[in-house]
Structure formats: C-alpha cells, structure tokens
Amino acid sequence: MKITPEQTFSILLVAEGGLIGLISGALGAAVNSLFASRREHRRWLFDQKRMEYKELLDGLRECMENMSGAFLSVNVTKPQNLPDVAIDRGNILIQGRIFVGPALEKFGIQKRWDELAAYVIEAETPRAPNQRGCPTLTSFGLKCDAFENDLNNFIRKDLAVKS
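Everything numeric here is computed off the predicted structure, so don't read it as measured data.

Re helix 2 (residues 83–95)
- With 13 residues, helix 2 ought to run about 18 Å at 1.5 Å a step, and its terminal C-alpha atoms sit 18 Å apart, in line with that.
- The inward-facing, buried residues of helix 2 contact helix 1 (5–67), helix 3 (101–107) and helix 4 (109–124).

Spelled out as structure tokens, the structure:
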C-alpha cells in the first residue's frame, strides 16, 4: 500500500500536533514547578522570620522583667536573673538573628536596647541619698512598654501583617 502525499501531510500534522502538545505540557509543568518552588521558599522564609521574631520578643520580654530587678532595694533575684546578665542576654538575642537581622538593624533595635540598658545601669549606680532624678521602676516600665510596642509594630510591618 502506497501512501499518498496528502496522507503523508496528514500524518506529519498529527505528529507535529502531538509533539507540540508534549513540549507545551512539559514546559507548563516546569514553569508551574518553578513558581511553586518559589512560593514554597517564600512561605518557608516567612515562617523562619516569624519564629525568630517570636523568640526575640519572648526573650527580650523576659530580659526586661529581669532588668527590673535593678530597681528593687533588696536583691531577691537568682544569679542568672540579675539585671546585668539580662542585658547581656538581650544583646545576644538581638545579635543572633539570622533571618531578621538586617530588618532589626534597620529598626535600630540595638540602639534602643542600649538605651534601656543604660537606664538600668544608671539605676544601679550608687547615689547620694538626697540626689533627685533617679531612675524609677515606673519609668522603666513605661520605657519597656514603649520599646515593646514599637518593636511589635515594626514586626507587623516587616511581616506585612495587618493589625
């Protein structure tokens, strides 16, 4: 049986259509896989940042609580909860961020933490009994609240979370 030129042309068209379908399907799958991979990476990165921020907030909150011991007239804290240890731990928490470090640098958290630490150190500095203007626990609490609120707002902005 001999194939006519019209039949040959029809066979080639069918083969070409199948080949185009195969190539476009493979190309579509590759593009879809690429977009899915990028989406999964962005989600993973978001989760890492969220976990780091949570660890930072929880840790700094505990540090600030321990730093408030500097305003007590009697030292009733455990050695690991001393204000100086809490200040150092806060520095370690801030400087040990991998995923959110650049954002925290932009926020200026180290400078803000240093200001809180300086206030605590000032409270621990011996003074004359009649000297005025000593740091108080109340004002330290207000500074901590402002610090924490600013940090929370910055985190929401960085993570693009609507409040």
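Additional details are given in the paragraphs that follow.
Here we look at helix 4
- In this model, helix 4 (16 residues) spans 23 Å end to end at C-alpha, consistent with the 22 Å of a helix rising 1.5 Å per residue.
- Listed as buried for helix 4 are Ile 109, Trp 113, Leu 116, Ala 117, Tyr 119 and Val 120. For helix 4, the angular spread of buried residues about the axis comes to 155°, placing them on one side.

Things to note about the nonpolar core
- Counting residues in each nonpolar core, the largest one holds 30 residues, and the members touching the most others are Leu 60, Ile 109, Trp 113 and Leu 151.
- Elements with a minimum of two residues in this core: helix 1, helix 2, helix 3, helix 4 and helix 5 (137–159).
- If near-sequence neighbours (up to four positions away) are discounted, Ile 109 is found in contact with Leu 56, Leu 60, Ile 94, Leu 104, Phe 147 and Leu 151.

Considerations on unusual backbone geometry
- Positive phi, close to 55°, is recorded for Ala 160, a residue that is not glycine.
- Turning to its location among the elements, Ala 160 is positioned in the segment after helix 5.

Here's the deal with the packing of helix 4 against helix 5
- Packing of helix 4 against helix 5 leaves a shortest axis separation of 11 Å and a crossing angle of 170°. By the angle between their axes, helix 4 is roughly antiparallel relative to helix 5. Listed contacts from helix 5 to Ile 109, Arg 112, Trp 113, Leu 116, Tyr 119 and Val 120 of helix 4 are Ser 139, Phe 140, Lys 143, Cys 144, Phe 147, Asp 150 and Leu 151.
- Residue classes in the contact of helix 4 with helix 5 are distributed as 9 nonpolar, 1 polar and 3 charged.

Topic: the packing of helix 2 against helix 4
- Contact pair helix 2 / helix 4: the axes reach a minimum separation of 10 Å and the direction vectors enclose 175°. One way to sum up the angle between helix 2 and helix 4 is to call them roughly antiparallel. Touching Pro 83, Asp 84, Ala 86, Ile 87, Gly 90, Asn 91, Ile 94 and Gln 95 of helix 2 are Ile 109, Gln 110, Trp 113, Asp 114, Ala 117, Val 120, Ile 121 and Glu 124, all from helix 4.
- Residues that form the contact of helix 2 with helix 4 fall into these classes: 9 nonpolar, 4 polar and 3 charged.

Here's the deal with the pattern of salt bridges
- In the structure shown here, the tally under the stated rule is 9 salt bridges.
- Between Asp 47 and Arg 50 there is a salt bridge whose closest N-O contact spans 3.2 Å. Pair noted here: Asp 47 and Arg 50 are both in helix 1, with a separation of 3 residues, about one helical turn.
- Of the charged contacts, one joins Arg 112 and Asp 150 as a salt bridge, the two residues approaching to 3.2 Å between their closest N and O atoms. Here Arg 112, found in helix 4, pairs with Asp 150, found in helix 5; they are 38 residues apart in sequence, far enough to count as distant.
- Its relative accessible area of 30% is what places Arg 112 among the partly exposed residues.
- On the basis of relative accessible area, Asp 150 is assigned to the partly exposed category, the value being 35%.
- Connected through shared salt-bridge partners, Lys 54, Asp 58, Arg 61 and Glu 148 make up one network.

What counts and how
Residues numbered from 1 in each chain as written. Predicted model: local features only at pLDDT ≥ 70, side-chain atom pairs only at ≥ 80, totals over all residues. Heavy atoms only, no water. Helix = DSSP H or I, 4+ residues; strand = E, 2+ residues; numbered from the N terminus. Expected span 1.5 Å × (residues − 1). Contact = heavy atoms within 4.5 Å. Buried < 20%, exposed > 50% of the residue type's maximum accessible area, 1.4 Å probe, protein only. Arc of directions from axis to C-beta. Core = buried A, V, L, I, M, F, W, Y, C linked by side-chain atoms within 4.5 Å. Axes fitted to C-alpha atoms, helices over the stretch in contact; angles between N-to-C directions. Parallel < 35°, antiparallel > 145°, perpendicular 65-115°, else oblique. Nonpolar A, V, L, I, M, F, W, Y, C, P; charged D, E, K, R; others polar. Salt bridge = Lys/Arg side-chain N within 4 Å of Asp/Glu carboxyl O.

From the geometry alone we can't say anything about function, so treat these as descriptive.
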